[in-house]
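# Observations on chain architecture
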Amino acid sequence: MSPDAPRRRGRVSALCAGRRDILWGILWVGGLLLCRFWIGLELNAPARAQVVDACIHTFWGALAAVAMALLLGWGTAMLLHALESGRRRTVRLILSFVLNLLRSVPQIVGMLIGYVIVTSLTLNEVLASEASRIAATSAVTALFVFQEVADLVTARIRHYAATEFVDALLVCGVPPRVIINREILLKNSLAYIVQKSVALFGRAIFLLCSIDFIVSVGLSTEVSLANLPVTLGSLLAKMDSKQDILAIGTALTDARVIPTLLFEHLQGISVAFLIVYTLLCVYRIAGGLTERYRL
Amino acid sequence: MSGAAFDIRIAAGGRVLVDTHGFPLEEGAVTFLFGESGIGKSLIGKTLFGILDQSEFGAEVNGEPYAAYRTSPGAARARAAGFFVFQEPSTHLNPLATLAEQLGEGTLRRAADPLGAAGELFPGGERGALPRILPVYPGPHRPSGGEKQRILVSMAFTRMDIALASGENARGLYVFDEPTGSLDRAARDRFLDRLFARFRLRQETILLITHDYGMIAYVRSRHRDLEERFRFLDLTVSGGNARARPFDPGRFLAWLDAQRPEPAERSHPPLLRVESSISVYGRTLDFSRPGDAAAPCTLAVRPGELVYLKAGSGIGKTTVAKIVIGLEQADRFRIEIDGVRLGEVSPRRYWRKHLWGKKMTMAFQHADEALNPKASVAAALRILSLASMRGNDALRTALGRLFDAAELDVLMAKKVWQLSGGQKQRLNLLRALVLGTPLVILDEPLSALDFESIDRVLALLREVRAGGRAILLISHNEDIFDRLVSPESVYMLSSAEQSAP
């Protein structure tokens, strides 16, 4: 075997399997562009504008939810660590209890309650702009997913706290906050945090679409999403989209319907495609990152 | 093992790790291979012995694929008749079998007395340790590193005894990879004595990988009759590749002879006092003066003084250092730092707020673990936030104390994980020394270093002392530090089991 054999093997395996996250990222963007191109050709202008808006609102909402979850998770982990280091056991116990209480609430139920508050604030014109409403729904989502980030950050801090390089930096007088944020999180945990963010992005899209769909089909007469920004979930719940989705079922028994799916039922089909395809790609990207960085 | 010189090329992950031409390994001779850690000494040993991990590394020996060398009759014979002692005893020993079982495994089953060689390495007062550790399933911390290392070495000795008794024709290749890393000087010397006693009876091919240059002085003084059978090599990195060059032992001996202890500075009051009777992990640790072990005393370190704390392997030198620096909790201890008395009830935050990085710091034993592998060399020093470290020129000046000026630009951008073991150790030491704290604790500062680096580190320590700063030193390199440290600044550490209440 030549000394360079492992190198060649490494390159081949990297191309084939080591970078699945990038491959799925390219596939995702390609799929979105293809969908945009097709609805640009075949969908009428008002419906097309709705699909594009829904897509943008959903993705921005999910991104904002991830950003807020990261911030909340990091803050919570730092607070827990500070309480632990400062031996403030009672305060730490109370905080842990509150966090576990929040963790025990099913995400969907918690978000439904959050949506009631967002709708109420919208009807009272506290949330006047579209951006503020998206931010509010993102905050609700973040509130029910941020503990995953807190758990991750806490686990990384605990893992490295037992290592000698942390002790070595401490005895050199380096402040613990610098060690945690720069040396542990930034230099040694970035891959973990990016992977978690991608997974949370997928989770946020799933939750936003689910809640928007549930609320839009009419969970309660008290809650109205009339004034909330259109999202992929709420668009899917609209009558036109529902009929489009039903057409897929019809196509299973009547083959003549199949050619019409991508022309006459495009709104519902494209919305469903965007949700399912995005979720598939995002989870594949997260899985690829796990594989690539051996997380 | 037909050839006496080998061209060895080892690569991994697209990088050539070792590219050495004409590596001499003479049959029936003892080859000492020196050089700093992490530059490929072990890889060469494993390649020659035929146990290189082929899934991880690609290699060529004398221009032939490694598999061809490995299966060649000469190499296979030398391997079958030889033994490989791994550097890290924990990776060599099977945790699912007791040490007694492992001493009689495989080819060692043919030994008339499988425990005989082990007994030679646990003489006198230590003999009682052998019955205690033989039934043990080896783990990371049991038995101690020194005990495991002696057990491993004894396996190689047993293999030699079998060859001697059976009159095997084939000469075996014996590779000892850092066999004395966890041994104190007495245990190391005993190992060398027993090894060369066997060598006198049967000349096997021995490759002894080490960075303990102190061995040279010992073998020159005690085994001079074998000098013709000794070969000394130094592995150095040049142009990114490791190359073996002959090492002149006379150069080291002349250097060692030139080392003189600088008089200890005794006029100032002690900066650090550590009382005897430290109670930790069910043991009591005491300090004493060399030759007066019965009289416990207080360890005192004065400004400008280099204090050397000695003890056998596994006694608790590092534990004491960590108790003093405030990282390890003892059941009972009394120290006084700059006039402030501290003990087991003192809050940990006192060390953090008032001592760490201000009055004292410590360079840890294993540079590999003491540095953040993902940090760059520049970042490893910049994190100290020292005014004297602002700007690349200041960094270059600091690094230039222990690194070659020509390599600084490349070095500063390198990540710690890309450095050799010796480079990591120099960076580890430099980080502690540039802080400028009045007291520095150094745990095995010369481990993993080559001769040039040792010289540089000692020069830097002299400079630190000259600046009035105190150094508390823990090291196995007794050959060097016994010459450098004044006798009045040397302390012995002893340990005694506490009786059950």
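Keep in mind that what you see is a predicted model, and the values were worked out from it rather than measured.

## Focus: the overall build of chain A
Along its length, chain A carries 14 helices and 0 strands. Counting from the amino terminus, chain A carries its helices and strands in the arrangement α-α-α-α-α-α-α-α-α-α-α-α-α-α. Dimensions of chain A along its principal axes, counting C-alpha atoms only, are 75 × 65 × 30 Å. The buried share of chain A, taken over its 295 residues, is 35%. Within chain A, contacts between residues at least 6 apart in sequence are counted, and of these 76% link residues at least 24 apart.

## Let's talk about the overall build of chain B
Helices and strands together make up the secondary structure of chain B, namely 20 helices and 22 strands. Dimensions of chain B along its principal axes, counting C-alpha atoms only, are 70 × 60 × 40 Å. Per-residue burial for chain B yields a buried fraction of 45% across its 501 residues. Residue pairs at least 24 apart in sequence account for 77% of intrachain contacts in chain B once pairs closer than 6 positions are excluded.

## Here's the deal with the pairing of strand 1 (residues 5–12) of chain B
Residues and elements named next belong to chain B. As judged from the 7 bridges shared by strand 1 and strand 2 (residues 15–24), these two strands associate in the antiparallel manner. Following the sheet pairing, alanine 5 is matched in strand 2 by proline 24. Following strand 1, the chain reverses through 2 residues before pairing antiparallel with strand 2; glycine 13 in that reversal takes a positive phi of roughly 55°. Here strand 1 pairs with strand 4 (residues 58–61) via 4 bridges, running antiparallel. Its bridge partner being in strand 4, isoleucine 8 is matched across the sheet by valine 61.

## Remarks on the environment of leucine 253 of chain B
All names here are of chain B. By the secondary structure assignment, leucine 253 is in helix 11 (residues 249–258). We classify leucine 253 as partly exposed; it has 15 C-beta atoms within 10 Å. Spatially, the C-alpha atom of leucine 253 lies 24 Å from that of leucine 442, the residues being 189 residues apart in sequence. Beyond its immediate chain neighbours, meaning those up to four positions away, leucine 253 contacts Ile216, Ala217 and Arg220.

## A few points about the environment of alanine 62 of chain A
Position of alanine 62 of chain A among the secondary structure elements: in helix 3 (residues 45–85). Ignoring any residue separated from it by four or fewer positions in sequence, one finds alanine 62 of chain A in contact with Phe201, Ala204, Ile205 and Leu208 of chain A.

## A closer look at the confidence of the model for chain B
Here chain B averages 90 in pLDDT, and 98% of its residues register 70 or above. Scoring the predicted complex yields pTM 0.84 and, for the interface, ipTM 0.86.

## Description of the sheet that holds strand 18 (residues 340–343) of chain B
Residues and elements named next belong to chain B. Here 4 strands make up an open sheet; going across it, the order is 15-11-17-18 and the pairing antiparallel. Two strands lie at the open edges of the sheet, namely strand 15 (299–301) and strand 18, each paired on one side alone. Within the sheet, the average angular offset between the axes of one strand and its neighbour, ignoring direction, is 15°. Where strand 17 (residues 334–337) meets strand 18, 4 bridges bridge the pair, whose relative direction is antiparallel. Residue pairing for strand 18: isoleucine 337 is matched across the bridge by valine 340.

## Focus on the nonpolar core
Membership of the largest hydrophobic core comes to 138 residues, with the highest contact counts inside it found for Ala204 of chain A together with Val307, Ile471 and Leu473 of chain B. Counting residues in each nonpolar core, the second largest holds 67 residues, with Leu17, Ala118, Phe176 and Met215 of chain B among its members.

## What about the interface of chain B and chain A?
With 35 residues of chain B at the interface, the matching set in chain A holds 23 residues. At the level of secondary structure, the elements contributing two or more residues to the side of chain B that touches chain A comprise strand 1, strand 4, helix 2 (66–71), strand 19 (360–363), helix 14 (367–370) and helix 18 (421–433) of chain B. No other element matches the 4 residues that strand 1 of chain B contributes to the side of chain B that touches chain A.

## Brief notes about the packing of helix 8 (residues 145–166) of chain B against helix 9 (residues 185–201) of chain B
Residues and elements named next belong to chain B. Two elements in contact, helix 8 and helix 9, have axes whose closest approach is 10 Å; the angle formed by their N-to-C orientations is 10°. Here helix 9 runs roughly parallel to helix 8, going by the angle between their axes. Counting all contacts with helix 8, which are made through Gly146, Arg150, Val153, Phe157, Met160 and Leu164, the residues of helix 9 involved are Ala187, Phe191, Arg194, Arg198 and Leu201. A class-by-class count of the residues in the contact of helix 8 with helix 9 yields 7 nonpolar, 1 polar and 3 charged.

## Some words on the pairing of strand 14 (residues 292–297) of chain B
Residues and elements named next belong to chain B. Counting buried residues along strand 14, only 0 of its 6 residues qualify, which leaves the element largely exposed. Taken together, the 2 bridges between strand 13 (residues 283–289) and strand 14 define a ladder with antiparallel strand orientation. Directly across from arginine 289, in strand 14, lies its bridge partner aspartate 292. Connecting the antiparallel pair strand 13 and strand 14 is a turn made up of 2 residues, with glycine 291 showing a positive phi of about 85°.

## Let's talk about the domain arrangement of chain B
Residue and element names in this part refer to chain B. Parsing chain B into structural domains produces domain 1 (28–56 + 73–232) and domain 2 (272–497). The C-alpha-based centres of domain 1 and domain 2 are spaced at 30 Å. Across the contact, 18 residues belong to domain 1 and 16 residues belong to domain 2. Split by residue class, the side of domain 1 that touches domain 2 holds 6 nonpolar, 9 polar and 3 charged.

## Brief notes about the environment of arginine 70 of chain B
Residue and element names in this part refer to chain B. Structurally, arginine 70 is set in helix 2. In this structure, the C-alpha to C-alpha distance between arginine 70 and phenylalanine 49, residues 21 residues apart in sequence, is 7.9 Å. If we skip the residues at most four places from it in the chain, arginine 70 touches Gly50 and Ala75.

## Looking at the confidence of the model for chain A
Summing up the model confidence of chain A, the mean pLDDT is 86 and the portion of residues at 70 or higher is 91%. Below pLDDT 50 for its whole length, residues 1–7 of chain A participates in 24 contacts with residues either more than four positions away or in separate chains.

## What about helix 8 (residues 164–171) of chain A?
The α-helix advances 3.6 residues per turn, and as a result positions three or four apart in sequence lie on the same side. Of all 8 residues in helix 8 of chain A, 7 are buried, a share of seventy percent or more. Burial in helix 8 of chain A covers these residues: Phe165, Val166, Asp167, Ala168, Leu169, Leu170 and Val171 of chain A. Lining the buried residues of helix 8 of chain A we find helix 7 (146–161) and helix 9 (176–188) of chain A together with helix 12 (317–325), strand 19 and helix 14 of chain B. Just past helix 8 of chain A, the residue glycine 173 of chain A takes up positive phi, approximately 85°.

## Brief notes about the packing of helix 10 (residues 214–222) of chain B against helix 11 of chain B
Residue and element names in this part refer to chain B. Put simply, helix 10 and helix 11 touch, their axes get as near as 9 Å, and they point 100° apart. With respect to helix 11, the element helix 10 is oriented roughly perpendicular. In this structure, helix 10 uses Ile216, Ala217 and Arg220 to contact helix 11, whose residues at the interface are Pro249, Phe252, Leu253 and Leu256. Of the residues assigned to the contact of helix 10 with helix 11, the class counts are 6 nonpolar, no polar and 1 charged.

## Description of unusual backbone geometry
All names here are of chain B. In this structure, tyrosine 281 is a non-glycine residue whose phi angle is positive, near 50°. Taking the number of C-beta atoms within 10 Å as the measure of exposure, tyrosine 281 has 13 and is therefore partly exposed. Residues other than glycine seldom take positive phi values, yet alanine 448 does so here, at roughly 75°. With respect to the helices and strands, the residue alanine 448 is situated in the loop between strand 20 (439–443) and helix 19 (451–466). For alanine 448, a count of 26 C-beta atoms within 10 Å gives the class buried.

Rules used in this analysis
- Residues numbered from 1 in each chain as written.
- Chains lettered and ligands numbered in written order.
- Predicted model: local features only at pLDDT ≥ 70, side-chain atom pairs only at ≥ 80, totals over all residues.
- Helix = DSSP H or I, 4+ residues; strand = E, 2+ residues; numbered from the N terminus.
- Buried ≥ 20, exposed ≤ 12 C-beta atoms within 10 Å, placed from the backbone.
- Contact = placed C-beta atoms within 7 Å.
- Pairing = 2+ DSSP bridges.
- pLDDT = per-residue confidence, 0-100.
- Axes fitted to C-alpha atoms, helices over the stretch in contact; angles between N-to-C directions.
- Core = buried A, V, L, I, M, F, W, Y, C linked by C-beta atoms within 7 Å.
- Parallel < 35°, antiparallel > 145°, perpendicular 65-115°, else oblique.
- Nonpolar A, V, L, I, M, F, W, Y, C, P; charged D, E, K, R; others polar.
- Domains from an automatic or database assignment.

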